[in-house]
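Descriptive structure summary
Read off the chains here:
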Amino acid sequence: QVQLVESGGGLVQAGGSLRLSCAASGLTFSTYTMGWFRLAPGKEREFVAAISWSGGRTVYADAVKGRFTISRDNAKNTLYLQMNSLKPEDTAVYLCAARGGVGPTTMVDDYDYWGQGTQVTVSS
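Residues numbered from 1 in each chain as written. Predicted model: local features only at pLDDT ≥ 70, side-chain atom pairs only at ≥ 80, totals over all residues. Heavy atoms only, no water.

1. Details of the pattern of salt bridges
For clarity, the cut-off: Salt bridges, as used here, are contacts in which a Lys or Arg side-chain nitrogen is within 4 Å of a carboxyl oxygen on Asp or Glu. Working definition: helices are DSSP H or I runs of at least four residues, strands are E runs of at least two. Numbering for both runs from the N terminus. Only protein chains enter the calculation, and the probe is 1.4 Å; a residue is then buried if its accessible area is under 20% of its type maximum, exposed if over 50%, and partly exposed in between.
Summed over the entire model, instances satisfying the criterion amount to four salt bridges. Notably, a salt bridge pairs Arg67 with Asp90, separated by 2.8 Å at the nearest N-O pair. You can see Arg67 sitting in the loop between strand 6 (58–60) and strand 7 (68–73) and its partner Asp90 sitting in the loop between strand 8 (78–83) and strand 9 (92–99), a full 23 residues away along the chain. Judged by relative accessible area, which is 12%, Arg67 ranks as buried. Residue Asp90 is classed as buried on the basis of its relative accessible area, which comes to 1%. Connected via shared salt-bridge partners are Arg38, Glu46, Arg67 and Asp90.

Here it is, written out as structure tokens:
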């Protein structure tokens, strides 16, 4: 059974930083493309960042480019999202996702497995 468990969310002031983690089990983590998405109240699920199985390719949404960094540790079966210079509009539930296909993509439907999410709240 595949499990993706996010952690590291919380309440932070604008301009602050958080590091999210996603622990994966039940799949061969090193062969999966991984992504981060976010879900804010009243909005659709939104792509944040994705990383190839090797970590050699990354893709970012324009809204987070230059502020967020996605990375992975295949030895620890863990995905990360370092979030700096946080803004109130970054407030959302952040979910990690795993894709069995080749290459990082931005589309929700391309991902096969999802975590439950971790809440990030940025106060102004």
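Structure's up, so let's keep going.
2. So, the sheet that holds strand 7
What counts is decided by this rule: The criterion for strand pairing is that DSSP finds at least two bridges linking the strands in question. An axis is simply a line fitted to the C-alpha atoms; with a helix, the fit covers only the stretch in contact. Between two such axes, the angle follows the N-to-C directions and lies from 0 to 180 degrees.
One open sheet holds the four strands; their spatial order is 1-3-8-7, and the pairing between them is antiparallel. Among the strands making up the open sheet, the edge pair consists of strand 1 (3–7) and strand 7. Each neighbouring strand pair of the sheet contributes to a mean axis angle of 15°, computed without reference to strand direction. Direction of pairing for strand 3 (residues 18–25) relative to strand 8: antiparallel, over a ladder of six bridges. Counted as the bridge partner of Leu20 is Leu81 from strand 8.

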